Amino acid sequence: MPVYNNILETIGRTPAVRLNRLAPEGIELYVKVEAANPMGSVKDRLALGVIEEAERSGRLRPGQTVIEATSGNTGIGLAMVCAQKGYPLVVVMAENFSVERRKLMRFLGAKIVLTPAAEKGSGMLAKAVELAEKHDWFLCQQFENEANADVHSRTTAREIVEDFETIGLDYWVTGFGTGGTLKGVSRVLKDKLPDTKVVVCEPDNSQLLGSGIPQPREVVDGVTTSHPNFRPHLMQGWSPDFVAKLTEDALKEQWIDRIVPVGGQRALECSRELASQEGIFTGISGGATLAGALRLCEQIEPGSKVLCMLPDTGERYLSTTLFEDIAVDMTEDEVAISKSTPRFRFDRPSPPPPKPTNTPVAAPTICPEADDYVQTVINDTDQPVVMFSLEWCEFCWSVRRMFKELGIPYRSIDLDSVAYQDGNWGGRVRTALNARTGMATIPQIFVGGELIGGCTETFDAYEGRTLQPRFAALGIETTATPGFEPYSFLPKWLQTR
Ligand code: PMP
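Values in this document were obtained by computation on a predicted structure and should not be read as measured data.

Thresholds, definitions, all that
- Residues numbered from 1 in each chain as written.
- Predicted model: local features only at pLDDT ≥ 70, side-chain atom pairs only at ≥ 80, totals over all residues.
- Heavy atoms only, no water.
- Helix = DSSP H or I, 4+ residues; strand = E, 2+ residues; numbered from the N terminus.
- Expected span 1.5 Å × (residues − 1).
- Buried < 20%, exposed > 50% of the residue type's maximum accessible area, 1.4 Å probe, protein only.
- Contact = heavy atoms within 4.5 Å.
- Domains from an automatic or database assignment.
- Near = heavy atom within 4 Å.
- Polar contact = N/O pair within 3.5 Å; in protein donor to acceptor, adjacent residues only side chain to side chain.
- Areas by Shrake-Rupley, 256 points an atom, 1.4 Å probe, with all protein chains shown as cover.
- Nonpolar A, V, L, I, M, F, W, Y, C, P; charged D, E, K, R; others polar.
- Pairing = 2+ DSSP bridges.
- Axes fitted to C-alpha atoms, helices over the stretch in contact; angles between N-to-C directions.

1. Remarks on helix α12 (residues 394-406)
Then, number 1: Compared with an ideal rise of 1.5 Å per residue, which puts 13 residues at 18 Å, α12 spans 18 Å between its outermost C-alpha atoms and is within 8% of the ideal.
Then, number 2: All of the buried residues in α12 are C396, S398, V399, R400, M402, F403 and L406.
Then, number 3: Against the buried residues of α12 lie β13 (385-389), β14 (411-414), β15 (444-447), α14 (455-463) and α15 (467-473).

Printed below as a string of structure tokens:
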């Protein structure tokens, strides 16, 4: 294992892994796990390839903003590359792609511009062009940029050749979005492993290649005309509403030996089976590619070796239909397991621990400095809203969210923070506080020197409109949006209504 100079050096060299349970008898079926890339998808390769080519050619200037239209994975890869290299990034994305993707990109420092789902992939592309022209930003143009296919020829294809040249490979199975993987890999396979057949999968309800209908090339108002056979489908990242130039190149060169249509439900099923039966975690397009590969396996000679691309990680789909049957709460089976031992259950309190014999419990001693401190803090007129809190406590986070929404300035005394650790200062303050209020729990919220209570008491005081006059009396204005509901700020597992 080498030591890497930066994260970008870890892109690529993904493993080809043999399937042991899902492979049909007599077929050696392998998957290439692109989730092993640092940001979890095949598009990390493209992001690095496109940016470095643009740097070399001078089309991308130091510090220039990078922009791209993407269904997500390209944006996530670009966000990593741009963060590492110091370019600002704007990603244009249709609103119907999973929200995890938006959050991931923003976490990496990118800005996201959403486009309406109804305007499809071509609409989001046209928006990116518009923004790039207006602001003189560098547009990656993944759908036609040769650097996309080139990086796959240099890396993905070379890895496949190295892994299989001695054992042999009969079929390589992929889907297509931009067609970068398809063009870049099949070009090299035709040269270096000429006996390997290239198999391309596409959604069965949206057969662009399978239809044989050529892609219309008219551009109206900067928007490419959709392919007449395009229909919305489940496989995020696959078949946009047009056949991209890179895909068309592979088609024209006759590098595609077979086209396999794949059903959406079958794709979901295969993704779930890969996870539960092989321990391989991939997204919907990975499930779809495997579904295509398994269908192919029914038609080919025993002893064949098949490699199937798995473009990304399943973690990107937690909010989508892929996970809709995955429970959040305990299932019946899990409840039964929980009930098989006596303690730590939801249906009854844990039996009390055995009483210690003959050890008198000392009443906690109140530290006078800590009591003075509490007294001073709660009566500080400069900071009249005070919350005694814990950094890790979810009730405390909920009150913070409410104060933030209302625009209320407050002082947070985080009793478990490092600043309060020395000499158990936090513990002593907590003991003094508890003795004063008679409350044992945290958070405890004070307004103008008076105790409001804990988290739910504070929410109730807001809903009962007894809290607002206290803020008003202190000259604090609140700014709730209409329909504001404090209880919605509790984490779901704590919400009792
Ligand atoms: N699957 C997923 C999840 C993707 O994000 C993409 C890229 N859009 C692909 C497959 C297809 O890859 P390519 O663009 O190289 O054809």
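Structure shown, so let's carry the discussion forward.
2. Here we look at the domain arrangement of the protein chain
Then, number 1: What the domain assignment reports for the protein chain is domain 1 (12-37 + 148-210 + 240-323), domain 2 (43-146) and domain 3 (370-494).
Then, number 2: On a C-alpha basis, the centres of domain 1 and domain 3 stand 54 Å from each other.

3. What about the site of the ligand?
Then, number 1: Lining the immediate environment of the ligand, one finds 15 residues, of which K43, G177, T178, T181 and S285 sit closest.
Then, number 2: Between an oxygen atom of the ligand and a side-chain N or O atom of T178, the distance comes to 2.6 Å.
Then, number 3: Take T181: an N or O atom from its side chain is 2.5 Å from an oxygen atom of the ligand.
Then, number 4: Here the ligand loses 96% of its free accessible area of 390 Å² to cover by the protein chains.
Then, number 5: Across the shell around the ligand, the residue classes tally to four nonpolar, nine polar and two charged.

4. Remarks on the sheet that holds strand β3 (residues 66-69)
Then, number 1: On the basis of which strands lie adjacent, the open sheet formed by four strands has the order β5-β4-β3-β6 and parallel pairing. Across the chains shown, the open sheet's two edge strands, defined by having one partner strand only, are β5 (111-115) and β6 (138-139).
Then, number 2: Two strands pair when backbone bridges link them, and strand β4 (residues 89-94) and β5 are joined in this way by five bridges, in the parallel orientation. Following the sheet pairing, V91 is matched in β5 by I112.
Then, number 3: In this fold helix α4 (residues 120-135) packs onto β3, β4, β5 and β6, with an angle of close to 160° to the strand it touches most, β3.

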